[in-house]
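Reading the structure
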Amino acid sequence: MSESQGGVSVNMNAQQVLLTGALDFASVSQLLRQSRDWFNQDRVIDFSGIHTSNSAGLALLLEWMKISRQKGHQIKYHNVPAQLMTIAHAYGIDDQIPAENV
Amino acid sequence: MNKLLIQDGTTLRGEIRISGAKNAVLPIMAATLLCDGPATIENVPHLQDVTTTVTLLSSMGVQVVIDETMSIEVDNSTIESQVAPYELVKTMRSSILVLGPLLAHYGKAEVSLPGGCAIGSRPVNLHIKGLQDMGAEIEVKNGYILARAGRLQGARIVMDMVTVTGTENLMMAAALAEGTSVLENAAREPEVVDLADFLNAMGAKISGAGTDTITIEGVERLEGTRYRVLPDRIETGTFLAAAAITGGRVKLKNTDHTLLDSVIQKLREAGAEIEFDDDNIILDMHGQRPKAVSVRTSPYPAFPTDMQAQFTALNAVAEGTGTIVETVFENRFMHVHEMQRMGAEIEVEGNTAIVRGVESLTAAPVMATDLRASASLILAGLVAKGETEVQRIYHIDRGYELIEEKLAALGAKIRRVPH
């Protein structure tokens, strides 16, 4: 399934969600609203296609982690942009992000 | 709550990069409330006070994003409220800086009074009076400053005392006022100049910043811009003092020696060899013990009060006796008691500390009471025999970016541990 949420395109299969585009203030609000049903199961979010991001994107990652936890499921992030991890590191929370490069 | 453990025995050597100035970036972030369109601020230090300001702006509905270089982009077009609540203002007095911009751009502001401060009385009545002189109706009620205005009107404002945040608040308000304002007995600090430069980059017409008379010709609107904040002169001075106290040699990059002439002069008196090279400052003590110096704090360009505690630490182990006269804040010697726990010989009489240098201090658990006091205790810990434990280091996180990483890069044995 493929759809566009503002500046981000979403490609979804059984377990994985592939995001493409810019993860910023303009796109995250819409993406958050549309993503709430994603976390009724364990989920992998792949950021390979994200070319731009900032603290708004980091806030979204944290919110997704919270939602998954509340629903009792696991979330993993693949190929988180270095930009986001840099900001996470600046705020001392990089080790809390379930990120791996694949 | 974390604490810092500092081992003695290191002569600081190496190079570090100085961060953007905290006391410049905070008013500039407040000034982004004045413009139409997004504004981007570069060279932003990663500090608790910056995070608090981001939180404050966000609480009003302002859109704030941070990128991987820690540049901050602010877009106030989404603003929903002009309230600075007590819960935030009580943690950071400089939150008062949103008062002028909110009133000037939106015609109203509701800002909590800051309350008391550990280092002395810092009233905001001059901010209020100045805005009233520009036509604002202001009431103080239930701990809040409630301000309303149509378009502010230019006015000649003579400030009873030199106040940096007062100058900044009134300068920001006047930028959008109708007519010309003149601020007399204005603060001359470089951070005031940086704010004026930022406002001018947005289309303001401000002249005289850096002198005691600032003229602001009000404009109809300001436009967002991209701006790089100046280097932090107090961080620069602190690391220079750290190198001097340990007899070391350091190169501080991305800074500006012209911002701290008075500090450099005193360090040279203490025996430091100091050279400049583009944006770098190189200090070399050649392994020597510093000589005691006497300082008197006063508004810029005189010796800054924000460096007083650090020079108290320097004098504590220097050769000879030095006096430290504090004329700006009436209770800024709280670090003295903690240094005395480490064996420092200091007598305080009124606003003067007489410091007799000792051969060495001894490590002790000590407690930070404010930002610059915490820095001075770290400096003392670098040379106190044994392992010094500095508690309540949340103070230092308000004003120093990655201090233990930077000191470690210069060879210090310092680490942060949970308390």
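The structure we're discussing is the one just above.
The following paragraphs examine the structure supplied in this document. Everything numeric in this text was worked out from a predicted model, so none of it was measured.

The next thing to look at is the overall build of chain B. For chain B, the count of helices and strands is 14 helices and 26 strands. Overall, the C-alpha framework of chain B stretches about 65 × 45 × 40 Å when taken along its three principal axes. Expressed as a percentage of the 419 residues in chain B, the buried residues total 53%. Counting only contacts in chain B whose residues sit at least 6 apart along the sequence, the fraction spanning at least 24 positions is 72%.

Turning our eyes to something else, we now look at the sheet that holds strand 16 (residues 273–277) of chain B. Remark on secondary structure: sheet strands pair via backbone hydrogen bonds, oriented parallel or antiparallel. Residues and elements named next belong to chain B. Read across the open sheet, the 4 strands follow the order 2-15-17-16; overall the sheet is mixed. If you trace the sheet from one side to the other, it starts and ends with strand 2 (13–17) and strand 16, each paired once. The sheet shows a mean angle of 15° between the axes of neighbouring strands, taken without regard to direction. In the sheet, strand 16 pairs with strand 17 (residues 280–284) via 5 bridges, with the strands oriented antiparallel. Bridge assignment links Ile274 to a residue of strand 17, and that residue is Leu283. Along the sheet, helix 8 (residues 233–246) contacts strand 2, strand 15 (249–253) and strand 17; its crossing angle with strand 15, the most-contacted strand, is approximately 170°.

Residue and element names in this part refer to chain B. Across the sheet, 4 strands lie side by side as 6-7-9-8; this open sheet has mixed pairing. Each having just a single partner strand, strand 6 (83–84) and strand 8 (137–141) make up the two edges of the open sheet. When strand 8 meets strand 9 (residues 144–148), the two strands line up antiparallel, connected through 5 bridges. Residue pairing in the sheet places Ile138 in a bridge with Ala147 of strand 9.

Moving on to the environment of Leu61 of chain A. All names here are of chain A. Note that Leu61 resides in helix 2 (residues 55–70). The sequence separation of Leu61 and Val28 amounts to 33 residues, and the corresponding C-alpha distance is 9.7 Å. Not counting the four nearest positions on each side in its chain, Leu61 is found in contact with Tyr77, Leu84 and Ile97.

Right, let's get into the nonpolar core. Residues and elements named next belong to chain B. Grouped together as the largest cluster of nonpolar side chains are 94 residues, with contacts concentrated most on Leu103, Met171 and Ala175. With 7 residues, the single largest contributor to this core is helix 1 (residues 22–31). Ala175 has contacts with Leu34, Ala104, Leu199, Ala204, Ile206, Ile216, Gly218, Val219 and Leu222, leaving out every residue within four places of it along the chain. Counting 69 residues, the second-largest nonpolar core is a separate cluster that includes Leu283, Ala353, Ala368 and Ala380.

Residue and element names in this part refer to chain B. The pairing of strand 4 (residues 63–66) with strand 5 (residues 72–75) spans 4 bridges and is antiparallel. Residue pairing across strands places Val65 opposite Glu73, the latter belonging to strand 5. Connecting strand 4 to the next strand, strand 5, in antiparallel fashion are 5 residues, including Met70 with a positive phi near 65°.

This paragraph deals with the packing of helix 6 (residues 164–175) of chain B against helix 7 (residues 190–201) of chain B. All names here are of chain B. As a packed pair, helix 6 and helix 7 sit with axes 10 Å apart at the nearest point and diverge in direction by 10°. By the angle between their axes, helix 6 is roughly parallel relative to helix 7. Between helix 6 and helix 7 lies a crossing of right-handed hand. Here Val164, Thr167, Glu168, Met171, Met172 and Ala175 of helix 6 lie close against helix 7, whose contacting residues are Glu191, Val192, Leu195, Ala196 and Leu199. Taken together, the residues that form the contact of helix 6 with helix 7 break down as 8 nonpolar, 1 polar and 2 charged.

This part takes up the pairing of strand 4 (residues 43–53) of chain A. Where a strand is regular, its side chains alternate between the two sheet faces. Residues and elements named next belong to chain A. Direction of pairing for strand 3 (residues 16–23) relative to strand 4: parallel, over a ladder of 7 bridges. Across the sheet, Val17 pairs through a bridge with Ile45, a residue of strand 4. Running through helix 1 (residues 25–35), the crossover from strand 3 to the neighbouring parallel element strand 4 is right-handed. In the classification by handedness, the crossover that spans strand 4, the intervening helix 2 and the parallel strand 5 (residues 75–78) is right-handed.

Looking only at helix 3 (residues 82–90) of chain A, the buried set comprises Gln83, Leu84, Ile87 and Ala88 of chain A. Looking straight down helix 3 of chain A, one finds its buried side chains confined to an arc of 135°; they lie on one side. The elements touched by buried residues of helix 3 of chain A are strand 4 and helix 2 of chain A together with strand 4 of chain B. Following helix 3 of chain A by one or two positions, Gly92 of chain A has its phi on the positive side, about 70°.

Criteria and thresholds
The numbers attached to residues start from 1 for each chain and follow its sequence in the written order. Ligands are numbered from 1 and chains lettered from A, in the order in which they are written. At least 70 in pLDDT is required for a residue's local features to be given in this predicted model, at least 80 for side-chain atom pairs to be given and counted, and no such filter applies to totals for whole chains, interfaces and linings, which use all residues. Strands are runs of DSSP state E lasting at least two residues, helices are runs of H or I lasting at least four, and both sets are numbered from the N terminus onward. With C-beta atoms placed from the backbone, a residue counts as buried when 20 or more other C-beta atoms lie within 10 Å of its own, as exposed when 12 or fewer do, and as partly exposed for counts between those limits. Contact definition: two residues whose C-beta atoms, as placed from backbone geometry, lie within 7 Å. Strand pairing is assigned whenever DSSP identifies at least 2 bridges connecting the two strands. Whenever a helix is involved, its axis is fitted only over the stretch in contact; in every case the axis is a line through C-alpha atoms, and angles between N-to-C directions fall within 0 to 180 degrees. Among buried residues, those of type Ala, Val, Leu, Ile, Met, Phe, Trp, Tyr and Cys that are joined through C-beta atoms within 7 Å form a set called a nonpolar core. Every angle not falling under 35 degrees, over 145, or within 65 to 115 is termed oblique; those three ranges are roughly parallel, roughly antiparallel and roughly perpendicular. By convention, the crossing between two helices is left-handed when the near helix turns anticlockwise from the far helix through less than a right angle, and right-handed when the turn is clockwise. Asp, Glu, Lys and Arg are counted as charged, while Ala, Val, Leu, Ile, Met, Phe, Trp, Tyr, Cys and Pro are counted as nonpolar; the rest, among them Gly, fall into the polar class. By convention, orient the strands away from the viewer: a clockwise path from the first strand over the helix to the second makes the crossover right-handed. Directions from the helix axis toward the C-beta atoms define the arc.

On their own, these measurements won't tell you what the molecule is for.
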